[in-house]
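Survey of secondary and tertiary structure
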Amino acid sequence: MNIGLFGGTFDPVHCGHIALARASLDRYELKRIYFVPANIPPHKRQPFSSYFHRYAMVALATAAVKSFLPSLLDAPGTVVTGPLGKAAWQKEHESPAGANYSIDTVRRLKQRLRKSDRVFFLIGIDAFREIATWHEAEALFQECEFIVASRPGYSLADVANALPGDLRPSAAVTKPFHKQAAKGDLVLPGATVHLLEGVHQDISATAIREAASKGKPLKKFLDPAVAEYIRKMELYKT
Ligand code: ATP
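The structure contained in this document is the topic of the report that follows. (Residues numbered from 1 in each chain as written. Predicted model: local features only at pLDDT ≥ 70, side-chain atom pairs only at ≥ 80, totals over all residues. Heavy atoms only, no water.)

Scanning all chains against the criterion turns up twelve aromatic pairs. Put simply, the rings of Phe121, Phe128, Trp134, Phe141 and Phe146 touch in pairs and so form one group of aromatic residues. (Phe/Tyr/Trp six-rings, centres within 6.5 Å; stacked < 30°, edge-to-face > 60°.)

As structure tokens, this is what we get:
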């Protein structure tokens, strides 16, 4: 079975995220996609809204699609239950500032899946370009395949050169990639990257938070239930 994992800050989850997930579901025949808000994202400043608000918004935005599941995999430690609970809690307290590293999230998910299941990690190309700086980045490529939402202006060389250390192909190999748009599948020893074109929407959580702080309408960028939640709970007011 093909399983998707979509991690993020989701502060808030928006139509760009949902478009990427919907396209991945169809194109790669994913049975389920887990949306995993990070309690403490390692690569960003402190989120504006609490984990609980961000999880609630993800639950609202995913409610209408049967294969979309809000996930507590990166919830504050004590929420993790079962035999994995203790290990997960310890991990969280070992990492600097308790950050949620994707490698741990993927491994925790895989412990709940069958050995034969394939895990696909969903990500936007902007975030992917920083992937070499992620904790245990090479191990992450061993654990899962990547679905990267590409956009015009990026070449296949940009994607290949973003790969961490030993996985990055030599300049001789990537030379012809400079003239090729970032699309199709990049299958290299130790890394499989599927490039999804035409799904990137010009929306960001940053722009939505700014609009919310000015009291502007949000429904264009968000699931209406999420827009209503933000209004009701007075998120991003300051
Ligand atoms: P912020 O503006 O606060 O940085 P964001 O909109 O980028 O947030 P995140 O929760 O940080 O949202 O993103 C989660 C994942 O979704 C990342 O992999 C990111 O690259 C991807 N993503 C974000 N916005 C889009 C978009 N408009 N289209 C496709 N992918 C996106």
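What follows deals with helix α10 (residues 224-233). Taken residue by residue, α10 has Val226, Ala227, Tyr229 and Ile230 as its buried positions. In a view along the axis of α10, the buried residues occupy a sector of 160°, so they form one face of it. Structural note: α10 exposes Arg231 and Lys232 on the side pointing more than 90 degrees away from its buried face. Its buried side turned inward, α10 meets α2 (51-62) and α9 (205-213). Its side-chain oxygen 2.8 Å from the backbone nitrogen of alanine 225, aspartate 223 forms the N-cap of α10. Taken from the residues just after α10, glutamate 234 is the one with a positive phi, measuring 55°. (Buried < 20%, exposed > 50% of the residue type's maximum accessible area, 1.4 Å probe, protein only. Helix = DSSP H or I, 4+ residues; strand = E, 2+ residues; numbered from the N terminus. Arc of directions from axis to C-beta. Contact = heavy atoms within 4.5 Å. Polar contact = N/O pair within 3.5 Å; in protein donor to acceptor, adjacent residues only side chain to side chain.)

Here α2 spans 16 Å end to end across twelve residues, near enough to the 16 Å set by a 1.5 Å rise per residue. Tucked inside the fold, the buried residues of α2 contact α1 (15-27), β2 (30-37), β3 (68-70) and α10. (Expected span 1.5 Å × (residues − 1).)

Time to look at the pairing of strand β6 (residues 184-188). For β6 and strand β7 (residues 191-196), the ladder comprises five bridges, and the chain directions are antiparallel. Among the inter-strand pairings, leucine 188 is bridged to a residue of β7, identified as alanine 191. (Pairing = 2+ DSSP bridges.)

Moving on, we come to unusual backbone geometry. Residues apart from glycine generally show negative phi values, whereas peptide bonds are mostly found in trans. Here the amide bond leading from aspartate 11 into proline 12 is cis, since omega sits at 5°, within 30 degrees of zero. Position of proline 12 among the secondary structure elements: in the loop between β1 (2-8) and α1. Even without a glycine there, the phi angle at glutamate 29 is positive, about 50°. Note that glutamate 29 resides in the loop between α1 and β2. On the basis of relative accessible area, glutamate 29 is assigned to the exposed category, the value being 65%. Of note in the backbone geometry, tyrosine 236 takes a positive phi value of approximately 60° without being a glycine.

Before going further, it helps to spend a moment on the pairing of β2. By the criterion of burial, β2 is predominantly enclosed, with six of the eight residues buried. With seven bridges connecting them, β1 and β2 associate as parallel partners. Looking across to β2, one finds that phenylalanine 6 is bridged to phenylalanine 35. As a crossover connection, the stretch from β1 through α1 into β2 is right-handed. Bridge count between β2 and β3: three bridges; the pairing is parallel. Paired with tyrosine 34 across the two strands is leucine 69, which belongs to β3. (Right-handed = clockwise from strand over helix to strand, strands pointing away.)

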